[in-house]
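Residues per chain, in single letters:
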Amino acid sequence: MASHSSCPSIKNILLLDSEGKRVAVKYFSDDWPTNSSKIAFEKFVFSKTVKTNARTEAEIILLENNIIIYKFVQDLHFFVTGGDDENEIILASVVQGFFDAVTLLLRNNVDKREALENLDLILLCLDEIVDGGMILETNGPLIAEKVTSHSMDADSPLSEQTLTQAWATAREHLTRTLLK
């Protein structure tokens, strides 16, 4: 059995707005034991990265013995933090998976207002990506699919279901009527 140290791990995932304020954050490390230390870290990371242009591709920075991969889109800043011994490519795949999933969940309208209106989906997205610092999934479309399957049920109105879910619901109803 592999030891925990050989598995890539994440210290935190941050989604901040264009002023460096929290939209959604999740910490998996005890490096920041208090809420004030977490907020101070977020402000520090934001101040060191705000002047960079990470809009087309993810960027990397080493701060306080942490590797931070980040990407900006409109007024949202996506960050993934790992230890200085973590693989940057794996961390980059986590931030890209998070970004892709959020883009799908927000229907390509990735901005702060939309993110706050759909905060429940973004928090579920974080839960699907990392659990206790262990990376579970980095495929954006698969993460978004898992999140939407958690948030929808067969009794939801068809207008609130994805096309696949609507087909499944219609097939279920048709089967029930044929079997009666």
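This structure is a prediction, so every number in the text was calculated from the model and none was measured. (Residues numbered from 1 in each chain as written. Predicted model: local features only at pLDDT ≥ 70, side-chain atom pairs only at ≥ 80, totals over all residues. Heavy atoms only, no water.)

Before going further, it helps to spend a moment on the nonpolar core. Counting residues in hydrophobic clusters, the biggest one holds 32 residues, and the most contacted among them are Ile13, Phe78, Phe98 and Cys125. Counting residues per element, this core draws most heavily on helix H2 (residues 88–105), at eight residues. Among the nonpolar cores identified, the runner-up in size contains 14 residues, and Leu14, Phe46, Ile61 and Leu63 belong to it. (Core = buried A, V, L, I, M, F, W, Y, C linked by side-chain atoms within 4.5 Å. Buried < 20%, exposed > 50% of the residue type's maximum accessible area, 1.4 Å probe, protein only. Helix = DSSP H or I, 4+ residues; strand = E, 2+ residues; numbered from the N terminus.)

Take the pairing of strand E3 (residues 59–63) next. Bridge count for E3 against strand E4 (residues 66–73) is five bridges, and the pairing is antiparallel. Across the sheet, Glu59 pairs through a bridge with Tyr70, a residue of E4. Linking two consecutive strands that pair antiparallel, namely E3 and E4, is a turn of two residues; a positive phi of about 50° is found at Glu64 within it. (Pairing = 2+ DSSP bridges.)

Attention shifts here to the side chain of Lys11. Counting through the fold element by element, Lys11 comes out in the segment before strand E1 (12–17). A relative accessible area of 18% means that Lys11 is categorised as buried. Among the polar contacts made by the side chain of Lys11, one reaches the side chain of Asn66 at a distance of 2.8 Å. The residues touching Lys11, leaving out its near neighbours within four places in the chain, are Lys26, Tyr27, Phe28, Ser29, Asp31, Trp32, Asn66, Thr81, Gly82 and Gly83. (Polar contact = N/O pair within 3.5 Å; in protein donor to acceptor, adjacent residues only side chain to side chain. Contact = heavy atoms within 4.5 Å.)

Moving on, we come to helix H4 (residues 119–129). Of all the residues in H4, the buried ones are Leu121, Ile122, Cys125, Leu126, Glu128 and Ile129. Here the buried residues of H4 occupy an arc of 160° about the axis, which is enough to place them on one side. (Arc of directions from axis to C-beta.)

Moving on, we get to the sheet that holds E3. Pairing in this open sheet of five strands is antiparallel, and the strands run E2-E1-E5-E4-E3 from one edge to the other. What marks the edges here is a single partner per strand, and that holds for strand E2 (22–27) and E3. In this sheet, neighbouring strand axes are inclined to one another by 20° on average, regardless of whether the strands run parallel or antiparallel. As judged from the six bridges shared by E1 and strand E5 (residues 76–83), these two strands associate in the antiparallel manner. Bridge assignment links Leu16 to a residue of E5, and that residue is His77. This element, helix H1 (residues 35–49), spans E1, E2, E3, E4 and E5 of the sheet and lies at about 115° to E2. (Axes fitted to C-alpha atoms, helices over the stretch in contact; angles between N-to-C directions.)

Attention now goes to the packing of aromatic side chains. Remark: the centre distance and the inter-plane angle together describe each pair of aromatic rings, the angle taken between the planes. Applying the stated criterion across every chain, the model contains seven aromatic pairs. Judged by centre distance (5.5 Å) and plane angle (65°), the ring pair of Tyr27 and Trp32 falls under edge-to-face. With a relative accessible area of 16%, Tyr27 lands in the buried category. With a relative accessible area of 7%, Trp32 lands in the buried category. Residues Tyr70 and Phe72 carry aromatic rings whose centres are separated by 5.5 Å and whose planes lie at 35° to one another, so their mutual orientation is tilted. The pair formed by Tyr70 and Phe72 is uniform in burial state, with each residue classed as buried. Here a set of aromatic residues connected by ring pairs shows up, and it is made of Tyr27, Trp32 and Phe41. The residue whose ring lies beneath Lys71 is Phe99, and the NZ or CZ to ring-centre distance is 4.4 Å. (Phe/Tyr/Trp six-rings, centres within 6.5 Å; stacked < 30°, edge-to-face > 60°. Lys NZ or Arg CZ within 6 Å of the ring centre and 35° of its normal.)

Bringing the environment of Asp31 into the picture now. Following the sequence through the fold, Asp31 ends up in the loop between E2 and H1. On a C-alpha basis, the gap between Asp31 and Asn12 in space is 9.9 Å, while along the polypeptide they are 19 residues apart. Non-local contacts of Asp31, meaning those with residues more than four positions away in its chain, are made with Lys11 and Asn66. Among the polar contacts made by the side chain of Asp31, one reaches the side chain of Lys11 at a distance of 2.6 Å. At 3.0 Å, the side chain of Asp31 forms a polar contact with the side chain of Ser29.

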